[in-house]
Structure formats: C-alpha cells, structure tokens
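Architecture and fold: a report
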Amino acid sequence: MRIFTASLATETNTFSPMYTDLVSFYQSFYAPPGQHPVTPTLCSAPLVACREYAQQHSAVEVIEGTCAWAEPGGLLNRLSYEHLRDEILMQLEAAMPVQLVVLGLHGAMVAQGYDDCEGDFLSRVRAIVGPQAVIGATLDPHSHLTDLRLASADLLIAFKEFPHLDFMARARELVYLAVAAARGDIKPVMSCFDCRMIDVLPTNHEPMKSFIEKICQLEQDHYALSISVIHGFMAGDVPDMGSKLLVITNNDATQGEALARQLGLELFSYRGQTLPQFYDIATALDQAEQLQGTLVLADVWDNPGGGVAGDGTLILHQMIKRQLQQVAVGTIWDPMAVKLCFAAGEGAEIELRFGGKSCANAGAPIDKTVRVLRLKADAQQEFADSLVPMGDCALISFDGIEVILNSNRCQSFDPSLFRALGIEPSHYKLLLIKSTNHFYQGFAPLASHIIYVDAGAPYPSDPTRNAYKKLSRPVWPVVAAPFD
C-alpha cells in the first residue's frame, strides 16, 4: 500500500490586519519532502503517524510531501495559497499511483478568492487520485465544515480536546481508519449536523468536559467509528462559519445522521454556558492584588492563536499605573523592539517603545527606560508533543516588571516560554500571558489562581457585533432562535 501524506494549514481571522503570505509559512513551519523533523507539529502530525505505521507494517510505503503551517493571521495572499497548494498537488501527481492520501489540515484557512481553501484543496486531490483512493485529513475543531470537504474526503477527524493536546492521538486514529478503509475492512460514511451556533468551547471545563467524555464512550461502544465536534471559528467571515457535529459510521448513514442530530442538539443546549468566568481589566487586577501565590492572568482576546497580533498593551498599561511588582509578561510581539534590544546587547539600558503597533484598539505603545536582561535567538516553547518557535526574543525589565518581546507571533502555550529566557515563572506574583485556553494544561499546575481577562479587544469576540457579510444561515447568538 502506497500512502501519500502532506499538510497545509493556517487559521484565518478575516477581520485581522495581520495578512498572511509565503513568508508567514517559512517563518512558522515549512518542511519540503525529506526535511520534516521527528517532532510533530499540530497540523503535520499525520505525517509522523504515517511514519510510525510504516515502521510497524513493512507492506506500507509512505511518500512524504511538503508540510507547511503559518501562525494564525489575517487573509491569506491568493498567490501564496495557490503556490503551496500546487506544490503539494504536483508532489501527489508524481507519487501516483497511491491508494491512500493522509493530510494535516486546519479547516479555517481563507485566501483571497477562496472562502473554502480546504474544500478546494481536497477536491483537487480527489481529481488526481480518483474515486477509489481513500482521502483522510485531520482538522482543528476551530474550523468551518463545508459540503465540498465532505464530498471530497472519506474521513475527516477533528481534535477532540481544547487545548488540542490530542493532536497525535487523532492523527494515529486517522491513519488506522484510513488504512482499514483502503483495505476494504470498513466503509466510512460521514454524517453532519449543523448546530446553528458559534461559541467558545473549552473541553477542560464543564459542560464540554463531560460531553467529550460521552463522545469517547460512544466510540468505544462502537456506535461510531469517529465523532468530531467542529467548534467553528467566529473570526472567519465565511458562509459555513459555526459549530457542527460530524459522525463517521461503518456504512450506516441512518445511524450516523440520527446520532449527529442527537449530539448536535445537545451541544446547542450548552450555548452560552461553556466559558469560565471572564473579568474586565479593573476587576481582574483588583482580584490579583488580593490573592496569594503565583497568579496567571490570561489576556484571552489578544491571542495570536486567534489571528491577532499579540502586541496589545491594555492590561500592561493598567499594571504599570497600579505600580504592580513581581510581574512577568510572556509575550509581546514586536520584531523591531527585539532588533533594538539585540543591537544594544545584554545588560544595556535603553529608551524603548514597544507593543501597541498593529491596530488602534489594543492599547498604545509603551515608552520606558528598560534594561535588556537576556537575549535568545530562535527561542522555542513546548506544546504537548511539539515545539513552537518564538523567534528571536529579548527579556526586558522596568519598574518591577519583566517582559519577553518576541519576533515570531505565537500565543502563550506553556511555562517553558518563560524558562527559555531564564525566568522561573513560579518565582513571580503575576504572569500575564496571551491565550484563550491552550495555556491551561501547562500553567494550571503552577498557578494558585487563573484569572481570565476580557480586555474587549482586538479579537472579534462578539458575533452579534461582527457584521458578517458572508454567513449563509441563521446562527446563535447572531439570531436568538436559529432553528425557528
């Protein structure tokens, strides 16, 4: 059996000014054939899973294509998308014949002229391999599930967890089911239910925690081969934005449709109940001044993982105004400030303007006399089985506050981002990070308290105010009763 595997992924915030191009992929992750590392990334995990499977089964040959990932951002340049897409398609044509195509996708990639990049890509893969070959792909749950994708692929499997700690488990599941389908042992049938809602659905909190446990039990009890919750991505203005429930059965569309509807309506019943308590800046800092231990303040809406810049200063300005001490910030994206720090060198004291450059509503730049404490080229942080590049980083200090400035946009996944710059996070009173929920698994063990801070910007976090132009159907909360 010949398996072709590759990945092409990014998450597109169509409201973001941070446009995405080829350089965005080259800076984040780009591995042509033969150059993919042993360590998986979130969306290239299927390639690693294919390698693992081939090592255990001598009759399997894996042909590796390009893997490319860009940090979430704004609209993808059309020529950049077509270049990367066609690069992989040409590799697939050269690899023919293959019986199986296993892809790592995101599901929320939008390019100029392409509202459904993944659907376009999968349909072109189908045109090359024909109707008999099996096509499977992993998806991020923060994606858009379209009819074209369902028609073009045999297996679509989304990560179950948010934080997405199970990305390798889902990649292995995909490979196992795809091989079984290629051998004729199963006949996967995908059934989808439109939940007509959009919300943020962290799975380490109730009610989503129990909902995912229920889904896993249904799979173990063989009610379905695979069940995926497509959370949706509210920052993508595309026709199919919103949550969907996807069930894959072994040639039983009737059961799949019934189960997808049942679970989808249950998910709909949780709308508006899934988030932990969010606090405005003043309330959050009031709490922080009263609590003991190491506190984690999550700036949930200046999260580069949602496609914004990650250079917001709204919370930090208020920390400075209150003269808070023992504060570590990880991170603020500012490549120019990083360059200035590298030019000055470790130990230098310089006048520095940093942050607040990307948009008008995420806070003004900060002007301070700072000391450059530490410089680190090509720094990385950990996330589950992967390593996330932060680029060149500078640790600066002023007024009892230490800030990591980074040159590659990335959200705060793990305390290793602080340790990469020589900071032991448990030694600080306040850790200000930028992430909606991916940080939780890493930071929860060291935090006495976690405070979610809603600064109100810059992520388009209120669907009722996002003024979608392309949304094709009623979706809660844009419409109060979308099934009426």
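As the structure is a prediction and not an experimental result, all values here were calculated from the model. (Residues numbered from 1 in each chain as written. Predicted model: local features only at pLDDT ≥ 70, side-chain atom pairs only at ≥ 80, totals over all residues. Heavy atoms only, no water.)

**Here we look at the overall build of the chain**
Counting its regular elements, the chain contains 13 helices and 18 strands. Dimensions of the chain, computed from C-alpha atoms along their principal axes, come out at roughly 65 × 50 × 40 Å. Counting every atom, the chain has about 18,200 Å² of accessible surface; 49% of that belongs to carbon and sulfur. Where the 35 positive side-chain charges of the chain centre and where its 54 negative ones centre are 2 Å apart. (Helix = DSSP H or I, 4+ residues; strand = E, 2+ residues; numbered from the N terminus. Areas by Shrake-Rupley, 256 points an atom, 1.4 Å probe, with all protein chains shown as cover. Lys, Arg positive; Asp, Glu negative; His and termini not counted. Charge placed at Lys NZ, Arg CZ, Asp CG, Glu CD.)

**With respect to the sheet that holds strand 12 (residues 327-333)**
Spatially, 10-18-11-17-12-16-15-14-13 is the arrangement adopted by the nine strands of the open sheet, whose pairing is mixed. Edge positions in the open sheet fall to strand 10 (278-279) and strand 13 (349-354), since each of these has one partner strand only. Here strand 15 (residues 386-398) pairs with strand 16 (residues 401-406) via six bridges, running antiparallel. Bridge assignment links Leu 395 to a residue of strand 16, and that residue is Ile 404. (Pairing = 2+ DSSP bridges.)

**Section: the layout of surface pockets**
Quantified by volume, the largest pocket comes out at close to 890 Å³. Lining the largest pocket are 49 residues, with Trp 69, Glu 71, Pro 72, Gly 305 and Gln 411 sitting closest to its centre. Breaking the lining of the largest pocket down by element, the ones donating at least two residues are helix 1 (22-28), strand 14 (366-383) and strand 15. No other element matches the four residues that strand 15 contributes to the lining of the largest pocket. When its residues are assigned to classes, the lining of the largest pocket shows 24 nonpolar, 20 polar and five charged. Roughly 280 Å³ of volume is contained in the second largest pocket. In terms of lining, the second largest pocket is formed by 14 residues, of which the most central are Leu 177, Glu 219, His 222, Ala 224 and Leu 225. (1 Å grid on protein atoms, 1.4 Å probe; cavity = no way out; pocket = protein on both sides within 12 Å on 5 of 7 lines; lining within 4 Å. Points joined across faces, edges and corners; volume = space filled by probe spheres on them. Nonpolar A, V, L, I, M, F, W, Y, C, P; charged D, E, K, R; others polar.)

**A short note on empty space enclosed by the protein**
A probe matching the size of a water molecule, rolled over the atoms, marks out where space remains unfilled. With the rule as written, the count across this model stands at one cavity of 30 Å³ or more. Size it by volume and the largest cavity reaches roughly 30 Å³. If you trace the largest cavity, you find it lined by Asp 299, Asp 302, Gly 312, Thr 313, Leu 314, Ile 315, Ala 362, Ala 455 and Ala 457. Along the lines of polarity and charge, the residues of the lining of the largest cavity split into five nonpolar, two polar and two charged.

**Brief notes about the sheet that holds strand 3 (residues 61-69)**
Pairing is mixed across the open sheet formed by six strands, whose spatial order is 2-3-1-4-5-6. Two strands in the sheet have a free side with no partner beyond their single neighbour: strand 2 (29-31) and strand 6 (155-158). Across the sheet, the axes of successive neighbouring strands diverge by a mean angle of 15°, strand direction being ignored. Docked against the sheet, helix 2 (residues 45-56) engages strand 1 (2-9), strand 3, strand 4 (100-104) and strand 5 (134-139), running at close to 165° with respect to strand 3. (Axes fitted to C-alpha atoms, helices over the stretch in contact; angles between N-to-C directions. Contact = heavy atoms within 4.5 Å.)

**Side note on the pairing of strand 14**
Here strand 13 runs beside strand 14; their pairing, made up of six bridges, is antiparallel. Opposite Glu 351, over in strand 14, you have Thr 369 as the bridge partner. Direction of pairing for strand 14 relative to strand 15: antiparallel, over a ladder of 10 bridges. In the sheet register, Leu 375 faces strand 15, and the bridge partner there is Ala 394. Between strand 14 and the antiparallel strand that follows it, strand 15, lie two residues; Ala 384 among them carries a positive phi value of about 50°.

**What about the UniProt feature "domain: Microcystin LR degradation protein MlrC N-terminal" (unreviewed entry) in the chain?**
Residues annotated in UniProt with the feature "domain: Microcystin LR degradation protein MlrC N-terminal" (unreviewed entry) correspond here to residues 2-288. Secondary structure content for residues 2-288 is 38% helix and 20% strand, and the end C-alpha separation is 56 Å. (UniProt positions renumbered as here; feature names shortened; annotations may be inferred.)

**Observations concerning the packing of aromatic side chains**
Taken as a whole, this structure holds 16 aromatic pairs when the rule is applied. When the ring of Tyr 81 is compared with that of Tyr 114, the centres are 4.9 Å apart and the planes differ by 65°; the resulting orientation is edge-to-face. On the criterion of sequence distance, the pair formed by Tyr 81 in helix 3 (residues 78-95) and Tyr 114 in the loop between strand 4 and helix 4 (117-129) is long-range, its members being 33 residues apart. Across this residue pair, the class does not change: Tyr 81 and Tyr 114 are buried. Ring pairs connect the aromatic residues Phe 233, Phe 278, Trp 301, Phe 418, Phe 439, Tyr 440, Phe 443, Tyr 452 and Tyr 459, which therefore count as one cluster. Over the face of the ring belonging to Phe 268 we find Arg 271, whose NZ or CZ atom lies 4.0 Å from the ring centre. (Phe/Tyr/Trp six-rings, centres within 6.5 Å; stacked < 30°, edge-to-face > 60°. Buried < 20%, exposed > 50% of the residue type's maximum accessible area, 1.4 Å probe, protein only. Lys NZ or Arg CZ within 6 Å of the ring centre and 35° of its normal.)

**Brief notes about unusual backbone geometry**
Between Met 96 and Pro 97 the backbone carries a cis peptide bond, its omega angle lying at 5°. Following Phe 162, the chain continues into Pro 163 via a peptide bond in cis, with omega recorded as 20°. Secondary-structure assignment places Pro 163 in the loop between strand 6 and helix 6 (167-182). Unusually for a residue other than glycine, Asp 378 sits at a positive phi of about 50°. Here Asp 378 falls in the exposed class, since its relative accessible area comes to 62%. Notably, Asp 399 is not glycine yet its phi reads approximately 50°, a positive angle. With respect to the helices and strands, the residue Asp 399 is situated in the loop between strand 15 and strand 16.

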